[in-house]
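Analysis of the macromolecular model
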Amino acid sequence: MADPDARARHTSVWDALAHPARRRIVEILRGAPAPTGRIHETLEDEGLSTSRFATLRHLEQMREADLVLATRSGRERINALNGSALYEATIGWLAPPDRSLATSLHRLRLSAEESAMSEVRHLSVHQSILISAPRERIWSLLTRDTRSWWRPPFALLGDADEVELVIPERAGGSVIERSGPGPERTAAWGMLVRREEGTLLEWTSVVCGAPGASGTVRITLEPAEEAAARLTVTQDAVGVLPDGIDADIELGWSNKLTTISGLLAGADGHDAS
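Keep in mind that this is a model prediction, so the values were computed, not measured.

So, about the environment of Asp-66. Its location among the elements puts Asp-66 in the loop between helix H4 (52–64) and strand E2 (68–73). Classification of Asp-66 by relative accessible area gives buried; the value is 11%. Between the C-alpha atom of Asp-66 and that of Ser-84, which follows or precedes it by 18 residues, the distance is 8.9 Å. Contacts of Asp-66, omitting those with residues within four sequence positions, involve Asn-82, Ala-85, Ser-128, Leu-130 and Arg-230. A polar contact of 3.0 Å, which involves the side chain of Asp-66, links it to the side chain of Arg-230.

Next up, the structure:
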């Protein structure tokens, strides 16, 4: 039986998307995180918000639904779309074969419709998911049993049958992807910058599908009132980025976080799906 808490989270996502102003906020944040003031100006210009207070209420409901993540930058509040919550409440409900087919068809359509033109720009991806499992179990899966969730097609080694992400124990070591022995089955993602056991991983990173870009990946594991823990991924990069790469990276991390959550379902007597 599905976890009632997970079902409630999915319902809150659909309730948040019921209003056209909140759907417009999703469209605004698809491109990049944005400050509250800019979001309000867009909604006001399009007749979707009558006041800044109304905009704040829309954003608050989206944060409560876990659709929007907010951080402070000086005096501004920066809002980012949490695609994992949207993914869980939609395509994440599908059975794995249907989910894979839907993803493949979506990528095929994007490849056919979008231009191959590239430009130097900034990539910023934020993903977060609540997991009802012991934090030590989540950390172990995240750092040791990577073969179970670090899967193609969102991998440097393409369609290799079995791929794992090797994360070193100390900062300064190489973060690599491996599908077997030999250099031809190994690809380097970057260098581990920080590792705080049970809490934080951060490494320099290339961008899958964009060899002309590089940046950092930051993964945090924090306690959460709603569940045992919140797992959050932030990837930032600058360089030559093909059109549509943002959506691919968002989908890649959404897929990985949803897989981790599914693998941990019932780890503490609850279903994390």
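The subject of this paragraph is the pattern of salt bridges. Scanning all chains against the criterion turns up ten salt bridges. Measuring nitrogen to oxygen at the nearest pair gives 3.3 Å for the salt bridge that ties Glu-164 to Arg-147. Pair noted here: Glu-164 is in strand E5 (residues 164–166) and Arg-147 is in the loop between helix H7 (135–143) and E5, with a separation of 17 residues, a long-range link. Between Arg-195 and Glu-197 there is a salt bridge, and its shortest N-O distance comes to 2.5 Å.

With that settled, consider helix H2 (residues 20–31). For H2, the set of buried residues is Ala-21, Arg-22, Ile-25, Val-26, Ile-28 and Leu-29. The buried residues of H2 all sit within an arc of 165° when viewed along its axis, so they share a single face. The exposed residues of H2 that point more than 90 degrees off its buried face are Arg-30 and Gly-31.

The way to describe two aromatic rings as a pair is by their centre distance and the angle between their planes. Summed over the entire model, instances satisfying the criterion amount to three aromatic pairs. Ring centres of Trp-149 and Trp-150 lie 5.6 Å apart, and the angle between their planes is 80°; this geometry places the pair in the edge-to-face category. Looking at Trp-149, the relative accessible area reads 2%, which means it is buried. Note on Trp-150: relative accessible area 2%, which makes it buried. Between the aromatic rings of Trp-150 and Trp-189, the centroid separation amounts to 5.6 Å while the plane-to-plane angle is 90°, which identifies the pairing as edge-to-face. Here Trp-189 lies in strand E7 (residues 186–196) and Trp-150 lies in the loop between H7 and E5, a separation of 39 residues in the sequence. By relative accessible area, which is 7% here, Trp-189 ends up buried. Three or more aromatic residues joined by ring pairs make a cluster, and in this case those are Trp-149, Trp-150, Trp-189 and Trp-253.

Here we come to the sheet that holds strand E3 (residues 76–81). In space, the three strands of this open sheet follow the order E1-E3-E2, with antiparallel pairing throughout. Among the strands making up the open sheet, the edge pair consists of strand E1 (34–35) and E2. Pairing geometry for E1 and E3, over two bridges, is antiparallel. Counterpart to Pro-35 in the pairing with E3 is Ile-78. Running over the sheet, H2 touches E1, E2 and E3 and is turned about 95° from E3.

Turning to the nonpolar core, a few remarks are in order. Trp-203, Val-207, Ile-219 and Leu-231 are the most contacted members of the largest nonpolar core, which has 37 residues in total. When contributions to this core are tallied by element, the ones reaching two or more residues are strand E4 (118–131), H7, E7, strand E8 (200–207), strand E9 (210–223), strand E10 (229–242) and helix H8 (245–263). For Trp-203, the residues in contact, after removing those within four places along its chain, are Leu-165, Ile-167, Val-175, Trp-189, Met-191, Leu-192, Val-193, Gly-215, Thr-216, Val-217 and Ile-219. Among the nonpolar cores identified, the runner-up in size contains 18 residues, and Ile-25, Ala-65, Leu-67 and Ala-85 belong to it.

What counts as what
Within any chain, residue numbers begin from 1 and follow the written order of that chain's sequence. Whole-chain, interface and lining totals are the exception, using all residues; otherwise, since this is a predicted model, local features are given only for residues with pLDDT of at least 70 and side-chain atom pairs are given and counted only at 80 or more. Here the side-chain values reflect all heavy atoms present in the structure, with hydrogen atoms and water set aside. Helix and strand assignments follow DSSP, with helices taken as H or I runs no shorter than four residues and strands as E runs no shorter than two, numbered in order from the N terminus. Only protein chains enter the accessibility calculation, which uses a 1.4 Å probe. A residue is then buried if its area is under 20% of the maximum for its type, exposed if over 50%, and partly exposed in between. Residue contacts follow a heavy-atom distance rule, with two residues in contact if any of their heavy atoms lie within 4.5 Å. Under the rule applied, a polar contact is a pair of N or O atoms within 3.5 Å (in protein, one hydrogen donor and one hydrogen acceptor; residues adjacent in sequence only if both atoms are side-chain atoms). The term salt bridge refers to a pairing of a side-chain nitrogen on Lys or Arg with a carboxyl oxygen on Asp or Glu at a separation within 4 Å. The reported arc concerns the directions from the helix axis to the C-beta atoms and nothing else. Any two rings among Phe, Tyr and Trp, with Trp reduced to its six-membered ring, count as a pair given centres within 6.5 Å; such a pair is stacked if its planes are under 30 degrees apart, edge-to-face if over 60, and tilted if neither. Note on pairing: DSSP must find at least two bridges between two strands before they are called paired. As a rule, the C-alpha atoms of each element are fitted with a line to give its axis, helices using only the stretch in contact, and angles between N-to-C directions run from 0 to 180 degrees. Among buried residues, those of type Ala, Val, Leu, Ile, Met, Phe, Trp, Tyr and Cys that are joined through side-chain atoms within 4.5 Å constitute a nonpolar core.

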